[in-house]
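Structural features, examined
Here are the chains, one letter per residue:
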Amino acid sequence: MDASQITSFVASTHQVFTTMLSLTVTAGKPYTCCTVPKFENEVSGIIGMSGDMQGMVVLSFPTATAKNVIRAFTGMDMDPTSPDFADAVGELVNMISGAAKAKFEGKNVSISCPSVVIGKGHKVQQPSDAVCITIPFECAGGPFSVEVAIKHAKVAEKVAAKAA
Amino acid sequence: MKVMLVDDSKTMRTIQRNILMQLGYKEIEEACDGQDALSKLAAFGPELLLVDWNMPNMDGITFVKTYRAQGGKSPVVMVTTEAEKTRVIEAIKAGVNNYVVKPFTPDSLSQRIAETLSRTKAA
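What you see is a predicted model, and the numbers here were worked out from it, not measured in a lab. (Residues numbered from 1 in each chain as written. Chains lettered and ligands numbered in written order. Predicted model: local features only at pLDDT ≥ 70, side-chain atom pairs only at ≥ 80, totals over all residues.)

Broken down by element type, chain A carries 4 helices and 8 strands. In sequence order, the secondary structure elements of chain A are arranged as α-β-β-β-β-α-α-β-β-β-β-α. When contacts within chain A are restricted to residue pairs at least 6 apart in sequence, long-range pairs at least 24 apart make up 70% of them. (Helix = DSSP H or I, 4+ residues; strand = E, 2+ residues; numbered from the N terminus. Contact = placed C-beta atoms within 7 Å.)

Printed below as a string of structure tokens:
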């Protein structure tokens, strides 16, 4: 993963929050996922990437931020345990991942349908053979993060061949 | 005018429904994937379809190809996160009339719908 790919996720997060939620976001300094996170994950939307780039994108919030963000997105107060809340979180990570992958020039990348995990203090295990970077963000709704763990398909093939 | 929204995200269908209602469209049917949309086509008879690309069971491209193969003539606007030029070309080849990339503003979606309908009317 290179710096331009991290920049793509910063830009796509900014684009989605500004366009669909009318919220301005500020990105902090990215750090590796082994560093102690700045807040406890309570709501996470997850997307898989395949093709020329493989890996995972995780959009994580504390519950209070998630509720504020989803209110800004849907115009409604939602119970975090409702299926509609999970659907909205999934759609956010879908748009962030889709807009970021469009900036990977010359790469053919597909994204999966999103999954959503809700629960206090959960951890999403990223692929062990990919560098995982966390991009912290702040918006009027509170702090949140985008974790990115992707690798080029050639690297993935080499790792698989070595393991075989 | 009868409009069908095909998207696996209820949030996205609600956002699009609200925009359509503001534009004065009242007859709106929703489907959660391509298969669901195919099963509702005959009864509803949409005059415009807004279709997502990535959906479980049957994706948007397969749905549009099937719809065209069955003789469906109504205009289709693809509303998707797939923004690469190759994807847009693939969608047009499948029978899509216009393309909106998510995230979108209400204005950009409204503009694409108006553009699509006026082109279809002129043809």
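Of the residues lining the interface, 18 residues belong to chain A; the matching set on chain B comes to 15 residues. At the level of elements, α1 (3–21), α2 (63–74) and α3 (83–101) of chain A are the ones that each hand at least two residues to the side of chain A that touches chain B. With 9 residues, α3(A) is the single largest residue contributor to the side of chain A that touches chain B. Of the residues that constitute the side of chain A that touches chain B, the class distribution is 9 nonpolar, 6 polar and 3 charged. (Nonpolar A, V, L, I, M, F, W, Y, C, P; charged D, E, K, R; others polar.)

Residue and element names in this part refer to chain B. In the contact formed by helix α3 (residues 60–69) and helix α4 (residues 85–94), the axes pass within 9 Å of each other and the chain directions differ by 25 degrees. What the angle tells us is that α3 and α4 run roughly parallel. Within the contact between the two elements, α3 uses Ile61, Val64 and Lys65 and α4 uses Glu90, Ala91 and Ala94. For the contact of α3 with α4, the per-class residue count stands at 4 nonpolar, no polar and 2 charged. (Axes fitted to C-alpha atoms, helices over the stretch in contact; angles between N-to-C directions. Parallel < 35°, antiparallel > 145°, perpendicular 65-115°, else oblique.)

Residues and elements named next belong to chain A. Relative to strand β4 (residues 53–61), strand β3 (residues 43–51) runs antiparallel, the two sharing 7 bridges. From the neighbouring strand, Gly48 faces β4, where its bridge partner is Met56. In textbook terms, the turn of a hairpin is the stretch between consecutive antiparallel strands, and for β3 and β4 this stretch comprises 1 residue. Pairing between β3 and strand β6 (residues 115–118): 4 bridges, direction antiparallel. Pairing of Ile46 across the sheet is with Ser115, part of β6. Relative to strand β5 (residues 109–111), β3 runs antiparallel, the two sharing 3 bridges. Residue pairing for β5: Gly51 is matched across the bridge by Val109. (Pairing = 2+ DSSP bridges.)

Let's shift gears to the sheet that holds strand β1 (residues 2–6) of chain B. Residue and element names in this part refer to chain B. Strand order in the open sheet formed by 5 strands is β2-β1-β3-β4-β5, and the pairing between neighbours is parallel. In this open sheet, the two edge strands, each paired with only one partner strand, are β2 (27–31) and β5 (98–101). The mean angle between the axes of side-by-side strands here comes to 20 degrees, regardless of whether they run parallel or antiparallel. On the sheet, helix α1 (residues 10–22) packs against β1, β2, β3 (48–51) and β4 (76–80) and is oriented at approximately 160 degrees with respect to β1. Each of β3, β4 and β5 is contacted by helix α5 (residues 106–122), which is oriented at about 175 degrees to β5, the strand it contacts most.

Let us look at the packing of α3(A) against α1(B). Orientation of α3(A) relative to α1(B), taken along the N-to-C sense of each, is 85 degrees, at an axis distance of 7 Å. Here α3(A) is positioned roughly perpendicular relative to α1(B), judged by the angle of their axes. Along its contact with α3(A), which presents A:Asp84, A:Asp87, A:Ala88 and A:Glu91, the element α1(B) presents B:Lys10, B:Thr11 and B:Met12. Looking at the contact of α3(A) with α1(B), its residues break down into 2 nonpolar, 1 polar and 4 charged.

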